[in-house]
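Structural description and commentary
Now for the letters of each chain:
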Amino acid sequence: MRVALFLTCVNDTLYPDTGRAVVKLLTRLGVEVDFPMAQTCCGQAHYNTGYRHEAEPLARHFSDVFGSTRRS
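The following refers to the structure shown. The structure presented is a predicted model; accordingly, all values stated were derived computationally and were not measured.

**Quick look at the overall build of the protein chain**
- Check the secondary structure of the protein chain and you find four helices and two strands.
- Reading the protein chain from its N end, one meets helices and strands in the order β-α-α-β-α-α.
- By its C-alpha atoms, the protein chain is 40 × 35 × 15 Å across when sized along the principal axes.
- Burial statistics for the protein chain: of 72 residues in total, 15% are counted as buried.
- Taking all contacts inside the protein chain whose residues are at least 6 apart in sequence as the whole, residues at least 24 apart take part in 60%.
- Split by element, the accessible area of the protein chain, about 5600 Å² in all, is 57% carbon and sulfur.
- Here the protein chain holds 8 positive side-chain charges and 7 negative ones, and the gap between their average locations is 7 Å.

Conventions we followed
Residues numbered from 1 in each chain as written. Predicted model: local features only at pLDDT ≥ 70, side-chain atom pairs only at ≥ 80, totals over all residues. Heavy atoms only, no water. Helix = DSSP H or I, 4+ residues; strand = E, 2+ residues; numbered from the N terminus. Buried < 20%, exposed > 50% of the residue type's maximum accessible area, 1.4 Å probe, protein only. Contact = heavy atoms within 4.5 Å. Areas by Shrake-Rupley, 256 points an atom, 1.4 Å probe, with all protein chains shown as cover. Lys, Arg positive; Asp, Glu negative; His and termini not counted. Charge placed at Lys NZ, Arg CZ, Asp CG, Glu CD.

Structure below.
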């Protein structure tokens, strides 16, 4: 099994050990973990605070990055 790992900016900032623990656990379970280096802000914070126009290009980029990790 292969998964693409997305870590939110909030999680990465406040709880960076969580991401490392997730990778360690999944690897131990035999899961191949892909961490797309092109991932950036997903725009959720912008959207939630009313900046919907500013969130749109971020969400599209997120979708493009994680959409390209799918296998046929």
